[in-house]
Amino acid sequence: YTNGTAVTLTAVASSGSSFTGWSGAGCSGTSSCTVTMNAAEAVTATFKLVPPHGTTITKAKINKIKHTASFTVAASGTVTGFQCALIKPKKKGKHHKKAKLVFKGCSSPKTYKHLKHGGYTFEVRAVNSTGPDPTPAIKKFKI
């Protein structure tokens, strides 16, 4: 660039990331940055990975005869895996506290076998290095 040339920089994050700001050559914040070129300048654009979102159960196959349940799941953004939780039915005649939701690593499709009669709740959330989708997908079903 010739001396005095104004160069405008605009950051565009790729899917699954967000732009967190500029540094260098007088640039800061998250808006576009204009640098007047009078010498070599260094500007850094910083991005971060965002948690996945939009976890969905794309297919649910419940087989009451074979006592199985299988779920195919998907999500938007950068996804490195899934976490699944299954809440089992309470035993009849006993007073129990509300079942604790425990997520464990899983993959799609997720299949449960040897399920006993009763109502279940399946929850799944996509994860990446920043954490889980804050809104898991939920499917209630009966065997």
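Everything below is about the structure printed above this text.
Now for a description of the structure that goes with this document. This is a predicted model, so every value here is computed, not measured.

## Regarding the side chain of aspartate 133
Relative to the helices and strands, aspartate 133 is located in the loop between strand E11 (131–132) and strand E12 (137–142). For the buried residue aspartate 133, which engages in no salt bridge, the nearest side chain bearing the opposite charge is arginine 125, 8.5 Å off. A polar contact of 3.1 Å, which involves the side chain of aspartate 133, links it to the backbone nitrogen of glycine 54. Among the polar contacts made by the side chain of aspartate 133, one reaches the side chain of threonine 55 at a distance of 2.7 Å.

## Description of the sheet that holds strand E6 (residues 68–76)
Pairing within the open sheet is antiparallel, and its three strands lie in the order E5-E6-E9. A single partner strand is all that each edge strand has here, and the edge strands are strand E5 (53–63) and strand E9 (110–112). The mean angle between the axes of side-by-side strands here comes to 20 degrees, regardless of whether they run parallel or antiparallel. Across three bridges, the pairing between E6 and E9 is antiparallel. From the neighbouring strand, phenylalanine 71 faces E9, where its bridge partner is lysine 110.

## A closer look at the environment of isoleucine 65
Its location among the elements puts isoleucine 65 in the loop between E5 and E6. For the pair isoleucine 65 and isoleucine 143, spaced 78 residues apart in sequence, the C-alpha separation works out to 8.1 Å.

## Quick word on the state of the cysteines
Under the criterion given, the structure shown has two disulfides. Paired by a disulfide, cysteine 27 and cysteine 33 hold their sulfur atoms 1.6 Å apart. With the S-S bond torsion at -70 degrees, the cross-link from cysteine 27 to cysteine 33 turns out left-handed. Just as cysteine 27 is buried, cysteine 33 falls in that class too.

## A word on the nonpolar core
Counting residues in hydrophobic clusters, the biggest one holds 16 residues, and the most contacted among them are Leu86, Tyr112, Leu115, Phe122, Val124 and Phe141. Among the elements that make up this core, the one with the highest residue count is strand E10 (residues 119–128) (four residues). Counting residues in hydrophobic clusters, the runner-up holds seven residues, among them Val7, Phe19, Trp22 and Val35.

## Details of the environment of cysteine 27
By the secondary structure assignment, cysteine 27 is in the loop between strand E2 (17–23) and strand E3 (33–37). Judged by its relative accessible area of 7%, cysteine 27 falls in the buried class. Once the C-alpha coordinates of cysteine 27 and threonine 44 are considered, the two residues, 17 residues apart in sequence, prove to be 8.7 Å apart. Cysteine 27 has contacts with Trp22, Cys33, Val35 and Val43, leaving out every residue within four places of it along the chain.

Calculation notes
- Residues numbered from 1 in each chain as written.
- Predicted model: local features only at pLDDT ≥ 70, side-chain atom pairs only at ≥ 80, totals over all residues.
- Heavy atoms only, no water.
- Helix = DSSP H or I, 4+ residues; strand = E, 2+ residues; numbered from the N terminus.
- Buried < 20%, exposed > 50% of the residue type's maximum accessible area, 1.4 Å probe, protein only.
- Lys, Arg positive; Asp, Glu negative; His and termini not counted.
- Salt bridge = Lys/Arg side-chain N within 4 Å of Asp/Glu carboxyl O.
- Polar contact = N/O pair within 3.5 Å; in protein donor to acceptor, adjacent residues only side chain to side chain.
- Pairing = 2+ DSSP bridges.
- Axes fitted to C-alpha atoms, helices over the stretch in contact; angles between N-to-C directions.
- Disulfide = S-S within 2.5 Å.
- Core = buried A, V, L, I, M, F, W, Y, C linked by side-chain atoms within 4.5 Å.
- Contact = heavy atoms within 4.5 Å.

Just geometry here; none of it tells us what the structure is for.
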